[in-house]
Amino acid sequence: IKEDRMSTFGIKILTRVLIPYTFGIFFTYFGCKGLIQKEKIVESSIYTLMGLFLSLGAIIHLLFVANISMYS
């Protein structure tokens, strides 16, 4: 029974925090890379903003919204 709880805990953390944070870093990197090279300015700025939104959203979720009972 304890293993089932841990896998559920891990899946919830993965889907609510790690995946958005990882994609946020990914989108921010490629958006900033495009802005520095001045290629496709609109597309690169949208990628950058979307990446910042995902990363900051995951961090704010962990700091202010999440509690242990939410994941267990």
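Residues numbered from 1 in each chain as written. Predicted model: local features only at pLDDT ≥ 70, side-chain atom pairs only at ≥ 80, totals over all residues. Heavy atoms only, no water.

Draft legend 1. Structural detail: the overall build of the protein chain. When helices and strands are counted, the protein chain shows three helices and zero strands. Along the protein chain, helices and strands appear, N-terminal first, in the series α-α-α. A burial count over the protein chain gives 19% of its 72 residues as buried. Of all intrachain contacts in the protein chain linking residues separated by at least 6 positions in sequence, the fraction that spans at least 24 positions is 58%. Taken as a whole, the protein chain presents about 5700 Å² of accessible surface, with 73% of it coming from carbon and sulfur. (Helix = DSSP H or I, 4+ residues; strand = E, 2+ residues; numbered from the N terminus. Buried < 20%, exposed > 50% of the residue type's maximum accessible area, 1.4 Å probe, protein only. Contact = heavy atoms within 4.5 Å. Areas by Shrake-Rupley, 256 points an atom, 1.4 Å probe, with all protein chains shown as cover.)

Draft legend 2. Layout of helix 2 (residues 41–65). With 25 residues, helix 2 should reach 36 Å at 1.5 Å per residue; the first-to-last C-alpha distance of 34 Å fits that figure. Inspection of helix 2 places Ser44, Thr48, Gly51, Ser55, Ala58 and His61 among the buried residues, and these make up the whole buried set. (Expected span 1.5 Å × (residues − 1).)

Draft legend 3. Representation of unusual backbone geometry within the structure. Despite not being glycine, Lys38 shows a phi value in the positive range, around 55°. Mapped onto the secondary structure, Lys38 falls in the loop between helix 1 (2–36) and helix 2. Not every positive phi belongs to a glycine, and Lys40 is a case in point at roughly 50°. Among the secondary structure elements, Lys40 is positioned in the loop between helix 1 and helix 2.

Draft legend 4. Local environment of the packing of aromatic side chains. The tally for this structure, following the rule as stated, stands at five aromatic pairs. Members of the aromatic cluster, each reached through a chain of ring pairs, are Phe23, Phe26, Phe27, Tyr29, Phe30 and Tyr47. (Phe/Tyr/Trp six-rings, centres within 6.5 Å; stacked < 30°, edge-to-face > 60°.)

Draft legend 5. Region of the structure containing the environment of Leu52. For Leu52, the position within the fold is in helix 2. On the basis of relative accessible area, Leu52 is assigned to the partly exposed category, the value being 39%. When the C-alpha atoms of Leu52 and Tyr29 are compared, they prove to be 9.8 Å apart, with 23 residues separating the residues in sequence.

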